Amino acid sequence: MQIRLDSDYKSGMFIGTIHALAARFLLMGGHSEEVDTAIDKEQFNDFFKVIKTDPSCVQHFSYVLVDEAQDLAYDEYYFIFKMIQPDHFFVVGDPFQCIYEAMKGASSYYMNKLSSEPGVVTYKLNENYRNKANILQYAQRALKPLQMRDDSRAMSIGGMIYEGKYDLDLLTEWIDDSDSYKDWAVLCYTNAEVTFIMNELKKCFIPVVNFNQRQKTKKEIDDLVNQNKVKVLTIWGAKGLGFKNVAVYGKNWMLYKKTRLEAEEGARLNYVAYTRAMDALLVLDPVYKKRRY
C-alpha cells in the first residue's frame with residue numbers, strides 16, 4: 001500500500017493489520033515481553049487482552065480506513081472504534097464475503113453497526129465489473145440459504161459455467177485448450193485438496209504454483225499471478241484475486257454442519273469462490289453431482 005500511495009504516503013501514517021497496530025502500541029508502551037510471548041505462541045488476539053489492561057498505550061488517530069470490514073471480530077472492532085475512537089472513519093466491506101466467522105468470530109454485524117451510527121453515510125456499489133452475468137447469477141444463487149439478496153448487476157453479458165463430477169481429463173483438456181496457463185486458478189476448500197490437485201496437474205505436466213498472500217508483498221503477488229502457471233489455492237487464499245477461468249474443487253463441509261451459522265458461512269464461502277471467476281467457472285465435486293449446465 002505504501003508503494004501504491006507513492007508520494008502521497010506521509011510520515012506518521014500506519015498501514016498494516018489491526019493486530020500489527022495493537023502490537024505497535026504495546027511496544028511503544030513498554031509491553032515488549034507480552035508481545036513476544038503472544039507472537040511465540042501465535043496467539044495474536046492476546047494483544048487486545050493486554051492493551052485493555054493498559055489503555056494509555058493507545059494513540060489517537062483522526063482518520064481510520066478499514067478494508068474488508070465484514071471480517072471484523074469483536075476485539076478488532078472494539079480496539080479501533082472504542083479505544084482509538086477516530087474522528088472520521090471510512091470502512092469498506094461486503095457482507096456476502098464474510099468467511100472468517102468460524103475461524104475468528106468475524107461478523108458483518110460490526111460493519112452494519114457502524115453504518116447505523118449518527119452522521120454515517122452509506123454508499124452501495126452495485127455494479128459488478130469482474131464477473132460476467134451468468135457467473136454472477138450462479139454465485140448469487142449460492143446465497144439462497146442466507147435469505148439475503150445480492151442486488152449487484154454484472155456489467156458484461158455471457159459467462160460459461162459447468163457443474164459436475166471431478167474429472168482430471170476434462171479439467172486438463174479445458175486448461176490445455178485455453179490461451180495461457182496463467183489465466184487459470186483451481187480453488188479448494190482444504191489444504192489437503194490443494195496438495196491433491198497440484199499433484200494431479202503435475203502428473204499431466206501442467207505447471208502449477210501455490211502461495212500465501214499474507215506472506216507476500218503486492219509486487220510478489222503480482223509476479224506470482226502473472227507467472228504462466230495454474231494457480232492452486234484455498235478459497236481463503238484467493239480472496240481479493242480474480243482470474244479469467246476458475247475451477248472450484250472439493251467438498252464444502254460447512255454446508256453440512258448442524259448449526260445455521262456454519263451453513264450460512266458455507267454459502268458465503270461458495271459465493272467468494274464463484275466470484276473469483278471472470279469468464280468461465282467449473283464447479284467440480286469429487287462425489288457425483290448432477291450437472292446443471
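All of the points below concern the structure found in this document. Not measured: the values here are computed from a predicted model.

1. Notes on a negative patch on the surface
Then step 1. On the surface, a cluster of negative charge is made up of Asp167, Asp169, Glu173, Asp176 and Asp177.
Then step 2. When you line up the elements, Glu173 lands in helix 9 (residues 168-177).
Then step 3. On the basis of relative accessibility, which here comes to 46%, the residue Glu173 falls in the partly exposed class.

2. Focus: unusual backbone geometry
Excluding glycine, a negative phi dihedral is what most residues carry, and trans is how most peptide bonds are arranged.
Then step 1. Phi is positive for Glu42, which is not a glycine, with a value near 55°.
Then step 2. Considering the arrangement of structural elements, one finds Glu42 in the loop between helix 3 (32-41) and helix 4 (46-53).
Then step 3. The exposed category is assigned to Glu42, whose relative accessible area is 60%.
Then step 4. The residue Gln85 is not glycine, and still its phi comes out positive at about 50°.

3. Structural notes on the pairing of strand 10 (residues 277-285)
Then step 1. With seven of its nine residues buried, strand 10 lies for the most part within the structure.
Then step 2. Bridging between strand 5 (residues 160-165) and strand 10 involves six bridges; their strand directions are parallel. Note that in strand 10 the partner of Met160 across the bridge is Ala280.
Then step 3. Examined bridge by bridge, strand 9 (residues 243-249) and strand 10 share six bridges and lie parallel to one another.

4. Describing the packing of helix 2 (residues 18-28) against helix 5 (residues 74-84)
Then step 1. With their axes 10 Å apart at the nearest point, helix 2 and helix 5 run at an angle of 55° to one another. As judged from the angle between their axes, helix 2 and helix 5 are oblique. The element helix 2 and its partner helix 5 pack so that their crossing is left-handed. Here helix 2 contributes Ile18, His19, Leu21, Ala22 and Phe25 to the contact with helix 5, which in turn contributes Glu76, Phe79, Ile80 and Ile84.
Then step 2. For the contact of helix 2 with helix 5, the residue count by class is seven nonpolar, one polar and one charged.

5. Points about the pairing of strand 8 (residues 230-234)
Then step 1. Taken across its five residues, strand 8 has five buried, putting it largely inside the fold.
Then step 2. Of the two faces of strand 8, the one carrying Val230, Val232 and Thr234 and the one carrying Lys231 and Leu233 are both buried.
Then step 3. Bridging between strand 6 (residues 184-188) and strand 8 involves four bridges; their strand directions are parallel. Across the sheet, the residue bridging to Ala185 is Lys231, located in strand 8.
Then step 4. Read as a crossover between parallel neighbours, the route from strand 7 (residues 208-209) over helix 11 (residues 218-226) to strand 8 is right-handed.

6. Some thoughts on a nonpolar patch on the surface
Then step 1. Judged by side-chain polarity, Leu65, Phe90 and Val92 come together as a nonpolar surface patch covering roughly 300 Å² of accessible area.
Then step 2. Structurally, Phe90 is set in strand 2 (residues 88-91).

Quick notes on the rules
Residues numbered from 1 in each chain as written. Predicted model: local features only at pLDDT ≥ 70, side-chain atom pairs only at ≥ 80, totals over all residues. Heavy atoms only, no water. Patch = residues over 30% accessible without salt bridge, like charges linked within 9 Å, V, L, I, M, F, W, Y side chains within 5 Å. Areas by Shrake-Rupley, 256 points an atom, 1.4 Å probe, with all protein chains shown as cover. Salt bridge = Lys/Arg side-chain N within 4 Å of Asp/Glu carboxyl O. Lys, Arg positive; Asp, Glu negative; His and termini not counted. Charge placed at Lys NZ, Arg CZ, Asp CG, Glu CD. Helix = DSSP H or I, 4+ residues; strand = E, 2+ residues; numbered from the N terminus. Buried < 20%, exposed > 50% of the residue type's maximum accessible area, 1.4 Å probe, protein only. Pairing = 2+ DSSP bridges. Axes fitted to C-alpha atoms, helices over the stretch in contact; angles between N-to-C directions. Parallel < 35°, antiparallel > 145°, perpendicular 65-115°, else oblique. Left-handed = near helix turned anticlockwise from the far one by under 90°. Contact = heavy atoms within 4.5 Å. Nonpolar A, V, L, I, M, F, W, Y, C, P; charged D, E, K, R; others polar. Right-handed = clockwise from strand over helix to strand, strands pointing away.

All quantities given are derived from atomic positions and should not be read as evidence of function.
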